[in-house]
Amino acid sequence: TQLLEQSPQFLSIQEGENLTVYCNSSSVFSSLQWYRQEPGEGPVLLVTVVTGGEVKKLKRLTFQFGDARKDSSLHITAAQPGDTGLYLCAVNFGNEKLTFGTGTRLTIIP
Amino acid sequence: GAVVSQHPSRVICKSGTSVKIECRSLDFQATTMFWYRQFPKQSLMLMATSNEGSKATYEQGVEKDKFLINHASLTLSTLTVTSAHPEDSSFYICSASPMDYGYTFGSGTRLTVV
């Protein structure tokens with residue numbers, strides 16, 4: 001079974017703080033996606049990273065793809081209550097199926 | 001663009017009955033759709049791949065006779081949970097992959113079996 005391990009599993013921090021979420025695997029990926037899911041909704045795509053070492057920024061969110069393309073991180077600066085949600089990394093292992101990571105449930109406390 | 005509509009958003013059914021969930025691609029054609037299941041506080045687990053005009057392919061451990069999938073057109077896939085039991089209660093999500101867009105997801109169906 002090919003696994004995507006995310007850490008931490010749960011994270012609760014105060015508004016205004018910074019945080020980093022990690023997504024790791026022993027496999028090499030051609031690309032990796034990050035999604036955010038809010039309760040009762042489907043996941044929404046945040047970003048796709050495709051190049052080893054790539055860094056993408058989306059306002060206060062910074063996504064990095066590891067040089068070896070086996071891992072990725074999501075850094076949020078000055079977290080806001082609206083950032084609360086389930087963050088999921090996901091990859092396509094070459095068979096068109098999208099496999100999700102174990103997820104990080106983030107809660108930002110006002 | 002690239003919207004996937006899922007219906008119903010919530011359903012409560014009695015144990016032993018069947019429930020059908022619809023997944024529609026609104027502005028694109030989808031020869032392949034995917035069905036996921038999500039338990040509380042957990043990630044999404046792929047159940048099956050729905051193929052237009054042919055049989056669905058199921059992931060290991062998913063009962064094909066319990067979770068019937070039909071993909072009769074390029075814009076509609078349905079998942080029928082047959083003889084539902086309380087342990088089938090979950091959040092079911094479909095997705096499709098429009099060309100050059102990645103994956104887009106429906107808003108999910110909360111199934112509660114009582």
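For the structure, see preceding data.
It should be emphasised that the depicted structure is a prediction, and the values quoted were computed from it without experimental measurement. (Residues numbered from 1 in each chain as written. Chains lettered and ligands numbered in written order. Predicted model: local features only at pLDDT ≥ 70, side-chain atom pairs only at ≥ 80, totals over all residues. Heavy atoms only, no water.)

### What about the overall build of chain A?
The condition is simple: Only runs of H or I of at least four residues qualify as helices and only runs of E of at least two qualify as strands under DSSP, and these elements are numbered from the N terminus. Only C-alpha atoms enter the radius of gyration, while the globule expectation follows 2.2 Å times N to the 0.38, with N the number of residues. Only protein chains enter the accessibility calculation, which uses a 1.4 Å probe; a residue whose area is less than 20% of its type maximum is buried, one above 50% is exposed, and one in between is partly exposed. Note on contacts: a residue pair is in contact if any heavy atoms of the two residues lie within 4.5 Å. In these tables, accessible area is a Shrake-Rupley quantity obtained with a 1.4 Å probe, and a residue counts as shielded only by the protein chains included in the view. Only four residue types enter the tally: Lys and Arg on the positive side, Asp and Glu on the negative side; His and the chain ends are excluded. For charged residues, the charge sits on one atom: NZ in Lys, CZ in Arg, CG in Asp, CD in Glu.
Helix and strand counts for chain A come out as zero helices and 11 strands. For chain A, the N- to C-terminal ordering of α and β elements is β-β-β-β-β-β-β-β-β-β-β. Relative to the globule expectation of 13 Å for 110 residues, the C-alpha radius of gyration of chain A, 13 Å, shows essentially globular dimensions. Considering chain A as a whole, with its 110 residues, one finds that 42% of them fall into the buried category. Contacts in chain A between residues at least 24 apart in sequence constitute 52% of all its contacts with a sequence separation of at least 6. When the accessible area of chain A is evaluated, it comes to approximately 5300 Å², of which 49% is carbon and sulfur surface. The centroid of the 9 positive side-chain charges in chain A is displaced by 4 Å from the centroid of its 10 negative side-chain charges.

### Quick notes on the sheet that holds strand 6 (residues 55-58) of chain A
Residue and element names in this part refer to chain A. Let me state the cut-off plainly: In this description, strands pair whenever DSSP reports at least two bridges between them. Between N-to-C directions, angles cover 0 to 180 degrees, with each direction set by a line fitted to C-alpha atoms, over the stretch in contact for helices.
The antiparallel open sheet is built from five strands, whose spatial order is 1-3-8-7-6. The outermost strands of the open sheet, each flanked by one partner alone, are strand 1 (5-7) and strand 6. In this sheet, neighbouring strand axes are inclined to one another by 15° on average, regardless of whether the strands run parallel or antiparallel. Taken together, the three bridges between strand 1 and strand 3 (residues 19-24) define a ladder with antiparallel strand orientation. Across the sheet, residue serine 7 finds its bridge partner in strand 3, namely tyrosine 22.

### Describing the packing of aromatic side chains
Aromatic rings in a pair are described by how distant their centres are and how their planes are angled relative to each other. This is how the line gets drawn: Pairs were defined over the aromatic rings of Phe, Tyr and Trp, the Trp ring being its six-membered one, requiring ring centres within 6.5 Å. Orientation was assigned from the angle between planes: stacked under 30 degrees, edge-to-face over 60, tilted for the rest.
Under the criterion given, the structure shown has eight aromatic pairs over all chains. Taken together through their ring pairs, the aromatic side chains of Tyr35 and Phe100 of chain A together with Tyr36 and Phe105 of chain B make up a single cluster.

None of this, on its own, says anything about what the molecule does.
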